[in-house]
Amino acid sequence: MKRANTFDVAPRSPQDEELLSRVLDASACLWNELTYERRQRLFGELDGSVWDAPRVHDRYKGVLGSAAAKEMKRKNDEAWRSFFAAKEAGEPAGPPGYWGNEEDGRDLRWYGRCDQYTLELGDRSRLEIPVGKELKDEFGLDHTERLRLEVRGRPKWGGKPGRLELYYDELDDRFRAIQPVTVDSSRQDSPLADETAALDIGANNIVACTTTTGQQYLYEGRDLFERFRETTRTIAEHQSTVKREEGRYTSKRIRRLYRRRTRRRDHAMDALARDLFERLYEEGVSMVYVGDLTDVLETHWSVRANQKTHNFWAFRAFIDRLACTAEEFGITVEVRPEAWTSQECPNCGSTDRTTRHQDTLTCPCGFEGHADLTASETFLRRHEADVPRPMARPVCLKWDDHRWSASPRAHRPNEEHTDQSILRSA
């Protein structure tokens, strides 16, 4: 399975920092020149095919080294092949663009094949990348010497390394690295049993889960979403000020707020996926069904709902995150239709007589229960014939900015958490 290590790197001296910046800038220049040549041919300004562009990378061998310059050309080739493949498939796509410019600043970025760099981990972890002869002579490096960088943080994944991406993060003023890794097997053994779970995904309660073991989990997301909205309001206020005073829509502070908002959300979602699948693994779950909400996202729209479903929630990205995490535990995730599960009464099967108010689902037949937990149970019963009625209290979890913590007590359905004993009529 594919995974990626992300970590910071730091030059050991001001000279090394200048050298690293020169390498990354030359890489961006190579990309821009090659992209320009190919776009000129694509738009008919020059004769020939985009693949007929001159050997631009040859001019950068002295700075990047021959192998690194060729790798940048391969990266550019891949971008153009992806562009043509998307056009052939009828998908909207534009040709590869430029990595900034000299006046406004280029995006400092470098790619290296797995045999071009060395990553050594230990008490003094380090990353070494090649440098061209011209820069070696200018900065006083030996013929066989490479640029050595300190690694900050410990890469998480071991396995077969892939192409390394090294770039400068302007907002955080740091150099960062992304290393794809192919892991031979999952981190965990396959589940010890053959149990099943179903997930009801939402924004107020991000995940409601029911398993065939009779256990239920509820991950509450209201506080997380309100913090997301608070940051969104702050961003809007700064955008208004910047537009009024400077005639533009963004600034470094605004970009940092966007990034902070995204990182905070992603951190919580990553932690949720890991906490959930650790629990399901212990339950012996090998299959998880997730509701397909495509139709819901298309037909139910409002400003607040749009913030939840498209900005904060990012449903498709969350499903990918669940599937990626599940793979580590040997658990399969399948997306299935879940129409009417949130309106269906588990007692009488009615969908048109039930009423939902916030977290509570009621029915004239006498049923009253937590709407999302009930939906996950109904969803599970559609795919599993033998599902016991959950008897224990559900595990209700809230985010504290570091981890998902189980609530020490349960509440009535219309409060924060749910007492399972009053969820359903006998």
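Residues numbered from 1 in each chain as written. Predicted model: local features only at pLDDT ≥ 70, side-chain atom pairs only at ≥ 80, totals over all residues. Heavy atoms only, no water.

Caption draft 1: Here's a closer look at the nonpolar core. Val9, Leu64, Trp110, Leu127 and Leu166 are the most contacted members of the largest nonpolar core, which totals 38 residues. If you tally residues by element for this core, the top one is helix α1 (residues 14–42), at 10 residues. If we skip the residues at most four places from it in the chain, Leu64 touches Val23, Ala26, Ser27, Leu30, Ala69, Trp110, Pro130, Val131 and Gly132. Formed by 32 residues, the second largest nonpolar core is a distinct cluster that contains Ile206, Tyr217, Phe315 and Trp399. (Core = buried A, V, L, I, M, F, W, Y, C linked by side-chain atoms within 4.5 Å. Buried < 20%, exposed > 50% of the residue type's maximum accessible area, 1.4 Å probe, protein only. Helix = DSSP H or I, 4+ residues; strand = E, 2+ residues; numbered from the N terminus. Contact = heavy atoms within 4.5 Å.)

Caption draft 2: The sheet that holds strand β11 (residues 195–201), seen in detail. Across the sheet, which stays open at both edges, the seven strands sit in the order β15-β14-β11-β12-β13-β19-β20 with mixed pairing between neighbours. Since the sheet does not close on itself, it has two edges, and those belong to β15 (332–337) and β20 (404–406), each with one partner. The sheet shows a mean angle of 25° between the axes of neighbouring strands, direction not considered. (Pairing = 2+ DSSP bridges. Axes fitted to C-alpha atoms, helices over the stretch in contact; angles between N-to-C directions.)

Caption draft 3: Inspection of the side chain of Thr378 at higher detail. Positionally, Thr378 belongs in helix α10 (residues 371–381). Thr378 sits in the buried class, given a relative accessible area of 6%.

Caption draft 4: Summary view of the side chain of Glu220. Assignment of secondary structure puts Glu220 in strand β13 (residues 216–220). For Glu220, a relative accessible area of 7% translates into the label buried. There is a polar contact of 3.2 Å between the side chain of Glu220 and the backbone nitrogen of Arg222. Setting aside anything within four residues of it in sequence, one finds Glu220 in contact with Asn204, Asn205, Leu397, Lys398 and Trp404. (Polar contact = N/O pair within 3.5 Å; in protein donor to acceptor, adjacent residues only side chain to side chain.)

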